[in-house]
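Below are the chains, spelled out letter by letter.
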Amino acid sequence: MRHIMSPLDLSVEELDQLLDLANDIEKSPEKYAHACAGKKLATLFYEPSTRTRLSFEAAMLNLGGSVLGFSSADSSSAAKGESVADTIRVTSCYADICAMRHPKEGAPLVASMASSIPVINAGDGGHQHPTQTLTDLLTIRSLKGHLGNLTIGLCGDLKFGRTVHSLIQALVRYTNVKFILISPEELRLPGYIRDGVLKKQDIPYEEVERLEDALPNLDLLYMTRVQKERFFNEEDYVRMKDFYILDKAKMELAKPDMYILHPLPRVNEIAVEVDDDPRAAYFKQAQYGVYVRMALILMLLEVKVC
């Protein structure tokens, strides 16, 4: 039995196999329509979510399985003080696999240690979001044809953005990847990623404040929102929230094949007018999230489809 807490839990070879499976699911969904018949996915979401929770549920339903769970801590026994470990012990009696989102870093790991079913980290605080990273990798590979030889701009909240942290850790395993880190000083990439991953592995990167300075050099732009829920006071959030807004005028600076990704939800960091640009790939990215989660469920449940 395996758990997925980080994208690094998968080797590069396993990752390639997972993405190949996701691509096959995209091409032939009917082949997988009954693969998980009789299986149940528990979605234990202690924190609000739209895309991650619904895409997990859609993934299991598309595989012919069923779903149970809760969408906020208030609607679970956590409101009565039940521990994460006890919740997963009980859930293990009812389901075959679990996806957990929690505002506290490390909570899904604690759950995995007490669980008798596979646990997938669906986001833990500002730490990791491995299935979003798998979605991002599938999107990049499908659009660009490869995961190496890319200059990637990461823009916005790089300090608290768990999607950014996970994506960097996954992409540094591929050759000739360069990062341009675009953020205000207050929201720069934390040292454990900048020093512990980029510098330690001698990965080229630069830090800039102006999005306009970075755009002409990018193969991909990964936008993120400034996350209100990660700030300790309203004043800091209000000051930072509109620091970057990508609009049509800025897009004229970018390469004709530079794709825009965003883990969503978007607030106002990408103007609605950009949605019609053929380089806007963030809604396609959300669709890829279903395929990759279907592939991951099949992998962890060891279901083979011929």
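First things first, this report covers the structure right here in the doc.

### Brief notes about the environment of Val-172
- Looking at the element boundaries, Val-172 is found in the loop between helix H6 (162–171) and strand S6 (177–182).
- Taking C-alpha positions, Val-172 is 22 Å from His-3, a pair spaced 169 residues apart along the chain.
- In this view, Val-172 contacts Phe-179, Val-197, Leu-198, Gln-201 and Ile-203; residues no more than four positions away in its chain are not counted.

### As for the sheet that holds S6
- Sheet architecture is open: 5 strands sit in the order S7-S6-S5-S8-S9, paired in parallel fashion. Of all the strands in the sheet, the pair left with one neighbour each is strand S7 (205–208) and strand S9 (259–261). Between one strand and the next, the sheet's axes are offset by a mean angle of 20 degrees, whatever the strand orientation.
- Taken strand by strand, helix H7 (residues 191–199) contacts S6 and S7, and its axis lies near 155 degrees from that of S7.

### Looking at the environment of Pro-184
- Topologically, Pro-184 is positioned in the loop between S6 and H7.
- For Pro-184, a relative accessible area of 2% puts it in the buried group.
- Note: C-alpha distance between Pro-184 and His-262 (78 residues apart in sequence) is 18 Å.

Definitions and cut-offs
- Residues numbered from 1 in each chain as written.
- Predicted model: local features only at pLDDT ≥ 70, side-chain atom pairs only at ≥ 80, totals over all residues.
- Heavy atoms only, no water.
- Helix = DSSP H or I, 4+ residues; strand = E, 2+ residues; numbered from the N terminus.
- Contact = heavy atoms within 4.5 Å.
- Pairing = 2+ DSSP bridges.
- Axes fitted to C-alpha atoms, helices over the stretch in contact; angles between N-to-C directions.
- Buried < 20%, exposed > 50% of the residue type's maximum accessible area, 1.4 Å probe, protein only.

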